Amino acid sequence: MNIPGILCVGLLVALVAGCADTSVTTRHTVAPRLPVKAQESPNRVIASRRMVEDRPFRMPGNFSGSSWKHMVIGVNPRANVYASSSSYFSEEDVRFMGARIQSELAKIKRFTIQDVEDADYSALRDAQEDGDIRIADRVDQPEITHFAQWNIKLSTISERTGTYSKEIRVVCDLAFKLTEAATGNIVEDASLPPFDICEEQRLDNMGRVVSGINWRDSSALRGIVQQLASQGAIRIANILANENPCGGKIVACLSAKAMVMENGTRQGISDGMQMLVYATVEGVPVPIAYADAQPGPDRTKLDLWKFNEDDPFAQTVIAALKANPRGFREHGLNAVSVGEAANPLWRNNVLGVFPEDD
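Residues numbered from 1 in each chain as written. Predicted model: local features only at pLDDT ≥ 70, side-chain atom pairs only at ≥ 80, totals over all residues. Heavy atoms only, no water.

Asks: Can you lay out the pairing of strand β6 (residues 165-180) for me, pointing to particular residues and giving the numbers?
Replies: In the sheet, strand β5 (residues 146-162) pairs with β6 via 16 bridges, with the strands oriented antiparallel. Of the residues in β6, the one forming a bridge with I157 is R169. Here β5 hands over to β6 after 2 residues, the two strands then running antiparallel side by side. Both β6 and strand β7 (residues 186-191) contribute to a ladder of 5 bridges, which runs antiparallel. What sits directly across from T179, in β7, is I186. The hairpin turn running from β6 into β7, its antiparallel successor, is 5 residues long, and G184 in that turn takes a positive phi close to 80°. (Pairing = 2+ DSSP bridges. Helix = DSSP H or I, 4+ residues; strand = E, 2+ residues; numbered from the N terminus.)

Listed below in structure tokens is the structure:
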């Protein structure tokens, strides 16, 4: 049995997915371009400072003491389902979209994406321990924490807007499932609300396409698929971020209003991300303050701006920090994100698909 390799990439670096058809890369070029309005996702969880001003002091959903541990997500291309009911897009185009979703997710350093051909690697490992088979070691490869699967269907809806014009709406139905590798428990299993891109099409009096979407233009069709892939990746990233919010341990305390947290942009922290600093009292997390994140590559400066003045435990910690900032380690201080920043850096550029020059 062929044991799969691993694909790990960072922010804004294209991941050439192993499941992509080689004919795609020989006919098209992938390059960065500016984001487009169609890529905005209605289900993004944004938490700006203004939005957090009235937020109660509570730990974010799905919080645990190790919430910020890096997620290593295995994606098995063979397990995904691709379909098209559109005369414009083939099943190959939908598979291309699946590969691009994987690539888009790989830009988000909050997660590591591994391309796996056999998602049941744990079963192989158990078989090896029983002496049934021998498998190659995964040298220097992080342990997969979750498996992701998505099913994609593309369809098109055409509507006349004039005698010689149409509006063609390309609709994507996306189902997503996330499974915890260690337990096999399904963490998320959802059919996301359909999302679409609208394209104009102008015809001549013979019904031939003069401008706009044209099923004969493979590069234009792949460009539309790429835009949909970006939208789908944003929606999936939103689910993953809700499942495992960013965060880290407080490693320095300059004052009660200025701290340094481990982890930074390389671990998915965005500039302006709202963090909840909390102490640990007898194993119980106690929210202390909300803070603005100013991340570096591996460390983040936190500016605490709103304090939990109604909780007696929090007040005790705050008073102690004001009296002696250097004693911060006594309080088990950590920070965890409460939502995505309004303009995370990874959204500044999106990969686009362009035809190669002849």
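Asks: Could you give an account of the packing of aromatic side chains, naming the residues involved and the relevant values?
Replies: Geometry of an aromatic ring pair is reported as the spacing of the ring centres plus the angle between the planes. Under the definition given, this model contains 2 aromatic pairs. Summarising the aromatic geometry, the rings of F57 and Y290 are spaced 4.8 Å apart at their centres and angled 20° between planes, so their arrangement reads as stacked. With a gap of 233 residues between them, F57 in the loop between α2 (49-52) and β2 (71-75) and Y290 in strand β13 (residues 284-295) connect regions that are remote in the sequence. Overall, the relative accessible area of 22% leaves F57 in the partly exposed class. One aromatic cluster is present, formed by F57, Y290 and W305 through successive ring pairs. Taking NZ or CZ as reference, R222 lies 4.5 Å from the ring centre of F96, over its face. (Phe/Tyr/Trp six-rings, centres within 6.5 Å; stacked < 30°, edge-to-face > 60°. Buried < 20%, exposed > 50% of the residue type's maximum accessible area, 1.4 Å probe, protein only. Lys NZ or Arg CZ within 6 Å of the ring centre and 35° of its normal.)

Asks: Can you lay out the sheet that holds strand β10 (residues 247-255) for me, pointing to particular residues and giving the numbers?
Replies: With respect to topology, 6 strands assemble into a closed barrel ordered β10-β11-β14-β13-β12-β15, the strand pairing being antiparallel. When strand polarity is set aside, the average angle formed by the axes of neighbouring strands in this sheet is 45°. Across 3 bridges, β10 lies against strand β15 (residues 334-337) in antiparallel orientation. Paired with G247 across the bridge in β15 is V336. Along the sheet face, helix α6 (residues 312-323) touches β10, β11 (258-262), β12 (274-281), β13 and β14 (299-307) and points at about 50° away from the line of β13. (Axes fitted to C-alpha atoms, helices over the stretch in contact; angles between N-to-C directions. Contact = heavy atoms within 4.5 Å.)

Asks: Please provide a residue-by-residue account of the environment of A181, values included.
Replies: For A181, the position within the fold is in the loop between β6 and β7. C-alpha separation for the pair A181 and I144, spaced 37 residues apart in sequence, amounts to 6.7 Å. Sequence-distant contacts of A181, defined by excluding residues within four places in its chain, comprise I144, T145, H146 and F147.

Asks: Mind laying out the side chain of Q226, listing which residues take part and the relevant values?
Replies: Tracing the chain through its elements places Q226 in helix α5 (residues 218-243). Within the local environment of Q226, its side chain forms a polar contact with the side chain of E104, the two groups lying 3.0 Å apart. (Polar contact = N/O pair within 3.5 Å; in protein donor to acceptor, adjacent residues only side chain to side chain.)

Asks: Any details on the pairing of β11? Residues and values, ideally.
Replies: Here β10 pairs with β11 via 4 bridges, running antiparallel. Directly across from C253, in β11, lies its bridge partner M259. Here β10 folds back onto β11, and the loop between the two strands holds 2 residues. Note that β11 and β14 share 5 bridges and pair antiparallel. Paired with V260 across the bridge in β14 is K301.

Asks: Describe the nonpolar core, naming the residues involved and giving the relevant values.
Replies: Ranked by size, the top nonpolar core spans 40 residues in total, and within it M97, L105, W150, I152 and L228 carry the most contacts. Breaking this core down by element, the ones donating at least two residues are β2, α3 (91-106), β4 (111-115), β5, β6, β8 (195-203) and α5. If one sorts the elements of this core by residue count, α5 sits on top with 10 residues. The residues touching L228, leaving out its near neighbours within four places in the chain, are M97, L154, V170, C172, F195, D196 and I197. In terms of nonpolar packing, the next biggest core, distinct from the first, is built from 26 residues, C253, M259, M273 and A279 among them. (Core = buried A, V, L, I, M, F, W, Y, C linked by side-chain atoms within 4.5 Å.)

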